[in-house]
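Descriptive structure summary
Spelled out, the chains give:
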Amino acid sequence: MSRVQQIEIGQEDAGQRLDRWFRNRFPHVAQGRIEKMCRKGELRVDGARVKASTRIEAGQVVRVPPLPDPGTEADRTERPTVSEADAKMMRDAVIYKDDHIIAIDKPAGLPSQGGSKQTRHVDGLAEALKFGLEEKPRLVHRLDKDTSGVLLLARTRNVAAALQEAFRARDTRKIYWAAVAGVPQPQMGTIRFGLVKASGHGAGGEGEKMRCIHPREVETTPGAKRATTDYAVLSGLGGRVSWVALVPVTGRTHQLRAHMAEIGHPIIGDGKYGGSGQENLGDGWGAGLGGALSRKLHLHARSLSLTHPVTGKRLTLTAPLPEHMARTWEMLDWRAADVPSDPFEEVE
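What you see is a predicted model, and the numbers here were worked out from it, not measured in a lab.

Turning to the pattern of salt bridges, a few remarks are in order. Opposite charge on two side chains permits them to pair, given that their charged atoms come into close proximity. Tallied over the entire structure, the rule returns 17 salt bridges. One salt bridge in this structure joins Arg257 and Asp144, with 3.6 Å as the shortest N-O distance. Placement of Arg257 in helix 7 (residues 255-262) and of Asp144 in the loop between strand 7 (138-139) and strand 8 (148-154) is noted, with a sequence separation of 113 residues between them. For Asp144, a relative accessible area of 23% gives the class partly exposed. Between Arg335 and Asp333 there is a salt bridge, with its nearest N and O atoms 2.8 Å apart. According to the relative accessible area criterion, Arg335 is partly exposed, its value standing at 46%. Residue Asp333 is classed as partly exposed on the basis of its relative accessible area of 46%. Among the charged side chains, a network of salt bridges with common partners joins Arg17, Asp19, Arg23, Asp123 and Lys136.

This part takes up the sheet that holds strand 3 (residues 48-49). In spatial order, the strands read 1-4-2-3; together these 4 strands make up an open sheet with antiparallel pairing. Both edges of this open sheet fall to strand 1 (5-8) and strand 3, since each of them pairs with a single strand only. For strand 1 and strand 4 (residues 61-64), the ladder comprises 4 bridges, and the chain directions are antiparallel. Across the sheet, Gln5 pairs through a bridge with Val64, a residue of strand 4.

To continue, consider helix 4 (residues 84-92). Turning to helix 4, its buried residues number three or more, namely Asp86, Ala87 and Met90. The buried residues of helix 4 occupy one face: seen down the axis, they fall within an arc of 100°. Residues of helix 4 that are exposed and point more than 90 degrees away from the buried face comprise Glu84, Ala85, Lys88 and Asp92. The inward-facing, buried residues of helix 4 contact strand 5 (94-97), strand 6 (101-106) and helix 5 (122-125).

Okay, the pairing of strand 15 (residues 299-307) next. Within strand 15, 8 of the 9 residues are buried, leaving the element largely enclosed by the surrounding structure. Pairing of strand 8 with strand 15 involves 2 bridges; the strand directions are parallel. Residue pairing for strand 15: Gly149 is matched across the bridge by Ala301. For strand 9 (residues 173-181) and strand 15, the ladder comprises 6 bridges, and the chain directions are antiparallel. Bridge pairing links Tyr176 to Ala301 in strand 15.

The rules behind each value
Residues numbered from 1 in each chain as written. Predicted model: local features only at pLDDT ≥ 70, side-chain atom pairs only at ≥ 80, totals over all residues. Heavy atoms only, no water. Salt bridge = Lys/Arg side-chain N within 4 Å of Asp/Glu carboxyl O. Helix = DSSP H or I, 4+ residues; strand = E, 2+ residues; numbered from the N terminus. Buried < 20%, exposed > 50% of the residue type's maximum accessible area, 1.4 Å probe, protein only. Pairing = 2+ DSSP bridges. Arc of directions from axis to C-beta. Contact = heavy atoms within 4.5 Å.

See the structure below:
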């Protein structure tokens, strides 16, 4: 066992979640143990109790309690393992790789990170993506569990810090594809509703979701944050369903799902925000289409453009539609070749 450690956060780690920083520094310690140390007050920041999701800042000091040594029996009992099937799945999902970054096409249904009741996730399965390096690649942003598409990982700590800063500075451009109820009017616009977390109805707060707030009320609503989404209709079908491109100008939790539902055009298959049990009959509401179309969430991170943190070159990474969305696109006769890769370029 190690002794109690007092570790000062460097500038390169600023802005990270505490649990992500901890796992990068102590990869042999499982997510469940980190959360337990937070609950018991053993893991602290500047002497204060914290949650695993707390964001750390440069200059703060993290108190780390005694930990099992890597490779000991205590470590082996909690260290997650990656099955051969999961390792193959992760490697098959790689759409770009160099010495500095890796991009995968995250499957729908796979969480980006661990948490309560989440033991199988990209962050843990990234052990399969070392490709000869000692440390696993680090997540630099997230996608919702049920959202598929381009997800970026950094292969070193310095590259992770550079990419996180690029996301904060909005030097990256993410374009999502979605199928939504009805056809938004106008067919190109910007949504500016703020977002505030609303607790769920379960005993432990399960089912929490984001609630939209009018822009005028954001400053006076505790916990609310401004959020901006650009959208463009790429194709419509009889007023009942449309294919839209979405750009999250800000990166709030569930932003795209909450924003589209708020304007009356929820994303198909979105049971949390769109009432998936309610069939959409063309009036612009109800996230169900009925028939043979999938009830899964129809939201996909189609592309990510960024400046490479080492070479300085501009990269655009693209992920194909997941199987359930590809079937919907085929049934509705929607083709990627018929729409611009970035429909917002022409009006900039």
